[in-house]
Amino acid sequence: MSTLSDLSGGTFDVAIIGGGIIGAGIARDLALRGARVALVEKGDFGSGTTSGSTRLIHGGLRYLEMLDFSLVRMDLREREILLRIAPHLVKPLEFRIPFIHQSAWFRAKMRAGLLLYDALSYDRSLPGHRFLSNAETLADEPALTTGGLHGAASYFDAQVSMPERLCLENLIDAVRHGAVVKNYCQVRSATKINGKVQSLLVRDTGTGDESELRAKLFVNATGAWFDRVQTIVSGAPSRRLRTTKGIHLTCAPLVNKANVLFSPLDGRLFFVIPLFGKTWIGTTDTDYPDDPAGVRAEADDIEYLLRSVEPFFPAIRSLAIYSTNAGVRALVRQGGSESSVSRRHKIEETQPGMFSVLGGKITGYRAIAQEAADAVCARLGITAECQTAAASLPGGHGANVDSLYGSREDELCALSGSFGRIGAQARLAVRHEFCQHLDDFLLRRTEHAFAPDWGASVAPEALAALAVELAWTKAQREEEWRRYRAAAVRAGAVTEPRP
Ligand SMILES: Cc1cc2nc3c(=O)[nH]c(=O)nc-3n(C[C@H](O)[C@H](O)[C@H](O)COP(=O)(O)OP(=O)(O)OC[C@H]3O[C@@H](n4cnc5c(N)ncnc54)[C@H](O)[C@@H]3O)c2cc1C
């Protein structure tokens, strides 16, 4: 685990602010090209918008309607790359578009859209689209309403059930190639000479200790926090982003396939998806100018989703809601309705000596990171080529694709000793995955928090193993449990996890 002194020893080639999927991708890309990289993240890695997403790796049928063909093509190409370099984390997922009370014009439009979607993914390994009869549709989705049903369309995209681990594996690989990465380390201010950024003042949010982080170039990859960090760095108010909130709710299993539906309330596209043995429903899209750290699903967001789903899956109202979650999109500022704003990213030098990434999706993170790394390398005179389209992530070497750890499953087994699997996971998380707290472990290193009990049944074993690794006292263990329960409620648990 890196310390503040690892950051203060000398001048890095590049210092990256933000340890979400995009910052992590840039760190890996640059480290693989031989650059000396540092990355700081104010919370835990992947705890920002990356963990608030719908967890799809998709071209985005919706963006075809916005006529953004090059964005869709980029994301479909990236989908293929991720299926190849991270087969343990990114899996094919079949989608259904049920036609319920839809006009012949709507069905023809969908037919044309899916033909185009297949054409744009000409290098795909996934099956192309097809159409299903009512009987075939209902055989897979018995909870779907039968009234007004005219069959369904089927097509494939992909799902990353734990984007937190996709982010983490980028960082693990960056560190293997010499990067220094530190979570719970916040950028507080910047020192400039003639406007050019020279160094950042960073604070360890656990100890309160501060240090100076010097680099030849800096990258602001703070997603929805971009304007806040740019303001700190430049000293002038920045308003480049339009930030919008999206929420999800999870309930007892309702669907077997990923369903693409259009809300009868406003025509917006949303998903009803199987994930972790539950059903995820989302998302919404409403302006949210406040601090992204405070984003929550409110009662009217939840009611909007329930009212949108009900005509298609009437059983929704009788199902238990397990949790909600929310995230904040960072969109390059544009007028119009929230849903009409382009999802295209921008990379700019927003301050002399600092490049910034504005916008972007998880799906395109690797390509966005490559573009940012190209800009940085051109400035630093680094001529090495990008390797990330071909080089598998640490767990992505083919073996054990059914394990969250992929080909790193052996590393986990080697650590089990007298511990069971939970203990081994905790050891691995602390020793090689930058885990500092129980909530890091349950929410972002493993999928335990996605169980209906929010990981309460495994928490005692995890806590015991983490306490050994991190030398926690009894009081610290109690504090960690309190901290986890609060984090679970913030993350959307309907009731606090109980031991
Ligand atoms: C509801 C919703 C659904 C989505 N669904 C999908 C989807 O299905 N598929 C898809 O491809 N994309 C999806 N997206 C988009 C995707 O989630 C984001 O584009 C992506 O996660 C952004 O990653 P990031 O690294 O830019 O931001 P983040 O993950 O937010 O990372 C930025 C990090 O910067 C850190 N930071 C901020 N300030 C500081 C500071 N001062 N010092 C140090 N660190 C700091 C934050 O703590 C944060 O962790 C969705 C987004 C939302 C909101």
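Residues numbered from 1 in each chain as written. Predicted model: local features only at pLDDT ≥ 70, side-chain atom pairs only at ≥ 80, totals over all residues. Heavy atoms only, no water.

Caption draft 1: Here's a closer look at the overall build of the protein chain. Across its full length, the protein chain carries 15 helices and 18 strands. Against the 2.2 N^0.38 benchmark of 23 Å for 499 residues, the protein chain shows a C-alpha radius of gyration of 22 Å, consistent with a compact globule. Along the first, second and third principal axes, the C-alpha set of the protein chain runs to 65 × 50 × 40 Å. In the protein chain, buried positions account for 59% of the 499 residues. Once local pairs closer than 6 in sequence are excluded, the contacts in the protein chain between residues at least 24 apart make up 71%. Looking at the protein chain as shown, the accessible area adds up to about 19,000 Å², and 53% of this sits on carbon and sulfur atoms. Here the protein chain carries 58 positive and 56 negative side-chain charges, and the mean point of each set is 2 Å from the other. (Helix = DSSP H or I, 4+ residues; strand = E, 2+ residues; numbered from the N terminus. Rg over C-alpha atoms; globule rule 2.2 N^0.38 Å. Buried < 20%, exposed > 50% of the residue type's maximum accessible area, 1.4 Å probe, protein only. Contact = heavy atoms within 4.5 Å. Areas by Shrake-Rupley, 256 points an atom, 1.4 Å probe, with all protein chains shown as cover. Lys, Arg positive; Asp, Glu negative; His and termini not counted. Charge placed at Lys NZ, Arg CZ, Asp CG, Glu CD.)

Caption draft 2: Geometry of the site of the ligand. What surrounds the ligand is a group of 35 residues, the closest being Glu41, Thr50, Leu56, Gly360 and Thr363. Measuring from an oxygen atom of the ligand, one finds a backbone N or O atom of Thr49 at 2.9 Å. Protein contacts shield 95% of the accessible area of the ligand, which totals 1,000 Å² for the unbound molecule. Looking at side-chain class alone, the shell around the ligand contains twelve nonpolar, 18 polar and five charged residues. Residue assignment places the shell around the ligand across two domains, with domain 1 (4-50 + 164-239 + 342-380) and domain 2 (91-159 + 242-337) each supplying three or more. (Near = heavy atom within 4 Å. Polar contact = N/O pair within 3.5 Å; in protein donor to acceptor, adjacent residues only side chain to side chain. Nonpolar A, V, L, I, M, F, W, Y, C, P; charged D, E, K, R; others polar. Domains from an automatic or database assignment.)

Caption draft 3: Focus on the domain arrangement of the protein chain. The domains assigned to the protein chain are domain 1 (4-50 + 164-239 + 342-380), domain 2 (91-159 + 242-337) and domain 3 (415-490). The gap between the C-alpha centroids of domain 2 and domain 3 is 33 Å. Contacts between domain 2 and domain 3 engage six residues on the former and six residues on the latter. Regarding the contact of domain 2 and domain 3, the summed buried area is about 550 Å², with carbon and sulfur atoms giving 67% of it. Counting the surface domain 2 buries against domain 3, the share from its top three residues, Phe276, Lys278 and Arg296, is 65%. If you look at where domain 2 meets domain 3, you find one residue pair in polar contact (both at pLDDT 80 or more). Of all elements in the fold, only β14 (278-282) and β16 (321-332) reach the threshold of two or more residues within the side of domain 2 that touches domain 3. Taken together, the residues of the side of domain 2 that touches domain 3 break down into three nonpolar, one polar and two charged. (Buried area = accessible area lost by both parts, 1.4 Å probe.)

Caption draft 4: Focus on the nonpolar core. In this structure, Ile16, Ile26, Leu30, Val90, Ile97 and Leu166 are the most contacted members of the largest nonpolar core, which totals 83 residues. In this view, Ile26 contacts Ile16, Val219, Ala221, Val357, Ala369 and Ala372; residues no more than four positions away in its chain are not counted. Listed in part, the 31 residues of the second largest apolar core include Phe270, Ala297, Leu305 and Phe313. (Core = buried A, V, L, I, M, F, W, Y, C linked by side-chain atoms within 4.5 Å.)

Caption draft 5: Here's a closer look at the layout of surface pockets. The computed volume of the second largest pocket comes to approximately 420 Å³. As for the second largest pocket, its lining consists of 20 residues, and the residues nearest its centre are Leu61, Arg62, Leu64, Glu65 and Lys109. Sorting the residues of the lining of the second largest pocket by element identifies α3 (61-65) and α5 (104-120) as the ones contributing at least two each. Classifying every residue of the lining of the second largest pocket gives eleven nonpolar, four polar and five charged. (1 Å grid on protein atoms, 1.4 Å probe; cavity = no way out; pocket = protein on both sides within 12 Å on 5 of 7 lines; lining within 4 Å. Points joined across faces, edges and corners; volume = space filled by probe spheres on them.)

Caption draft 6: Main features of the pairing of β14. Counted residue by residue, β14 has five buried out of five residues, so it is predominantly covered. Burial along β14 is two-sided: Lys278, Trp280 and Gly282 facing one way and Thr279 and Ile281 facing the other are all buried. Inspection of the sheet shows strand β11 (residues 241-251) paired to β14 by four bridges, in the antiparallel sense. The residue of β14 that forms the bridge with Cys251 is Thr279. As paired strands, strand β13 (residues 269-275) and β14 are joined by five bridges and run antiparallel to one another. Bridge pairing in β14 places Ile273 opposite Trp280. Between β13 and β14, which pair antiparallel one after the other, the connecting turn spans two residues, and Phe276 there sits at a positive phi close to 50 degrees. (Pairing = 2+ DSSP bridges.)

Caption draft 7: Region of the structure containing unusual backbone geometry. Here Gly282 and Thr283 are connected by a cis peptide whose omega angle stands at 20 degrees. Despite not being glycine, Phe434 shows a phi value in the positive range, around 60 degrees. Mapped onto the secondary structure, Phe434 falls in the loop between α12 (421-432) and α13 (438-445). Phi at Ala471 is positive, roughly 55 degrees, even though this residue is not glycine. Structurally, Ala471 is set in the loop between α14 (459-470) and α15 (474-490).

Caption draft 8: Spatial organisation of a nonpolar patch on the surface. A grouping of Leu67, Phe69 and Leu116 is seen on the molecular surface, where their side chains present a nonpolar patch of about 280 Å² in accessible area. A residue is classified by how much of its surface remains accessible, and Leu67, at 61% relative accessible area, is exposed. (Patch = residues over 30% accessible without salt bridge, like charges linked within 9 Å, V, L, I, M, F, W, Y side chains within 5 Å. Salt bridge = Lys/Arg side-chain N within 4 Å of Asp/Glu carboxyl O.)

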